[in-house]
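Observations on the three-dimensional arrangement
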Amino acid sequence: MLSDVEKILVTEEELREINKRLGAQITEDYKGKKLLVLGILKGCVFFMTDLVRNIDLPLSIDFMTVSSYGSGTESTGRVKITKDVDIDIKDYDVLIVEDILDSGKTLNYVSDILRTRGARSIKIATLLDKPERRVAPITPDYVGCDVPDEFVVGYGLDYDQKYRNLPYIGQLRRSVYEK
């Protein structure tokens, strides 16, 4: 599996530091608020788990499964919710946690839906940002780091449901997905 990774872009130590930094910032920003941390599955699971451990506040968590990729490397542009939130989000300050923000189509769609459901506020925390790929009018509030416009895997991110368990973020070799 390691041989499928071209290079490591974010190390395990850098991921720990990102989670500490973002957790401290979120703790400060959400003091006295009714916080719901809403993870976008499946990719967010490693990041969200480590992030909430670094947030020193009472909080609730929930998840949505939303996709616009299928098994390819490019977004189809059609957003599909396959698992919706279980909590009534009315009056919550919602922090959406995502593994990577690229086109922004999915998060723009989810944010619009949550606004109609009465969320007090909606902010976005993304582990990785690819701002050069953005086509939807969305800006994350918390960013772990920017990554180049390459296909990345590990720490929850996948290619065809594989590589999520890598403990770092790596650039996948083109030969793996350009067959």
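Preceding block: the structure.
Read on for a plain summary of the structure.

Reading guide: rules and limits
Residues numbered from 1 in each chain as written. Predicted model: local features only at pLDDT ≥ 70, side-chain atom pairs only at ≥ 80, totals over all residues. Heavy atoms only, no water. Helix = DSSP H or I, 4+ residues; strand = E, 2+ residues; numbered from the N terminus. Rg over C-alpha atoms; globule rule 2.2 N^0.38 Å. Buried < 20%, exposed > 50% of the residue type's maximum accessible area, 1.4 Å probe, protein only. Contact = heavy atoms within 4.5 Å. Areas by Shrake-Rupley, 256 points an atom, 1.4 Å probe, with all protein chains shown as cover. Pairing = 2+ DSSP bridges. Axes fitted to C-alpha atoms, helices over the stretch in contact; angles between N-to-C directions. Core = buried A, V, L, I, M, F, W, Y, C linked by side-chain atoms within 4.5 Å.

**Things to note about the overall build of the protein chain**
- For the protein chain, the count of helices and strands is four helices and nine strands.
- Listing the helices and strands of the protein chain from first to last along the sequence gives β-α-β-α-β-β-β-α-β-β-β-β-α.
- The C-alpha atoms of the protein chain give a radius of gyration of 16 Å, which matches the 16 Å a tight globule of 179 residues would have.
- Its C-alpha atoms put the protein chain at 50 × 35 × 25 Å along the principal axes.
- In the protein chain, which comprises 179 residues, the share counted as buried stands at 47%.
- Residue pairs at least 24 apart in sequence account for 66% of intrachain contacts in the protein chain once pairs closer than 6 positions are excluded.
- When the accessible surface of the protein chain is totalled, it reaches about 8,800 Å², and 48% of it is carbon and sulfur.

**Notes on the sheet that holds strand β1 (residues 5-10)**
- Across the sheet, three strands lie side by side as β1-β9-β8; this open sheet has antiparallel pairing. At either end of the open sheet lies a strand with only one pairing partner, and these are β1 and β8 (152-153).
- As judged from the four bridges shared by β1 and strand β9 (residues 169-172), these two strands associate in the antiparallel manner. Paired with Val10 across the two strands is Ile169, which belongs to β9.
- Packed on one face of the sheet, helix α1 (residues 12-29) meets β1 and β9 and runs near 35° to β1.

**What to know about unusual backbone geometry**
- Omega for the peptide link from Leu41 to Lys42 comes to 5°, which places this bond in the cis form.
- In this structure, Lys42 sits in the loop between β2 (35-41) and α2 (45-52).
- The backbone of Asp160 sits at a positive phi, close to 55°, despite the residue not being glycine.
- Take Asp160: it is sitting in the loop between β8 and β9.

**Remarks on the environment of Asp99**
- In this fold, Asp99 is placed in strand β5 (residues 93-101).
- According to the relative accessible area criterion, Asp99 is buried, its value standing at 10%.
- Once the C-alpha coordinates of Asp99 and Leu128 are considered, the two residues, 29 residues apart in sequence, prove to be 6.2 Å apart.
- Excluding residues within four positions of it along the chain, Asp99 makes contact with Gly43, Cys44, Thr126, Leu127, Leu128, Gly156 and Leu157.

**As for the nonpolar core**
- Ranked by size, the top nonpolar core spans 26 residues in total, and within it Ile26, Leu51, Leu95, Val97, Leu127, Leu128 and Ile169 carry the most contacts.
- Of all the elements, α1 adds the most residues to this core, at four residues.
- Those residues within four positions of Val97 in sequence are excluded, and the remaining contacts are Val37, Leu38, Gly39, Ile40, Cys44, Phe47, Met48, Leu51 and Ala125.
- Judged by nonpolar contacts, the second largest core, of 19 residues, contains Leu36, Val79, Ile89 and Ile122.

**Things to note about the sheet that holds strand β3 (residues 60-67)**
- Overall, mixed pairing links the six strands, which are arranged β4-β3-β2-β5-β6-β7 in an open sheet. Two strands bound the open sheet, and with one partner strand each, they are β4 (80-83) and β7 (142-146). Put simply, the sheet's adjacent strands are angled 30° from each other on average, direction ignored.
- In terms of strand pairing, strand β6 (residues 121-129) meets β7 through four bridges, oriented parallel. In the strand pairing of β7, Asp129 is matched with Asp146.
- Sheet strands touched by helix α3 (residues 105-116): β2, β3, β4, β5 and β6. Its angle to β5, the strand with the most contacts, is close to 170°.

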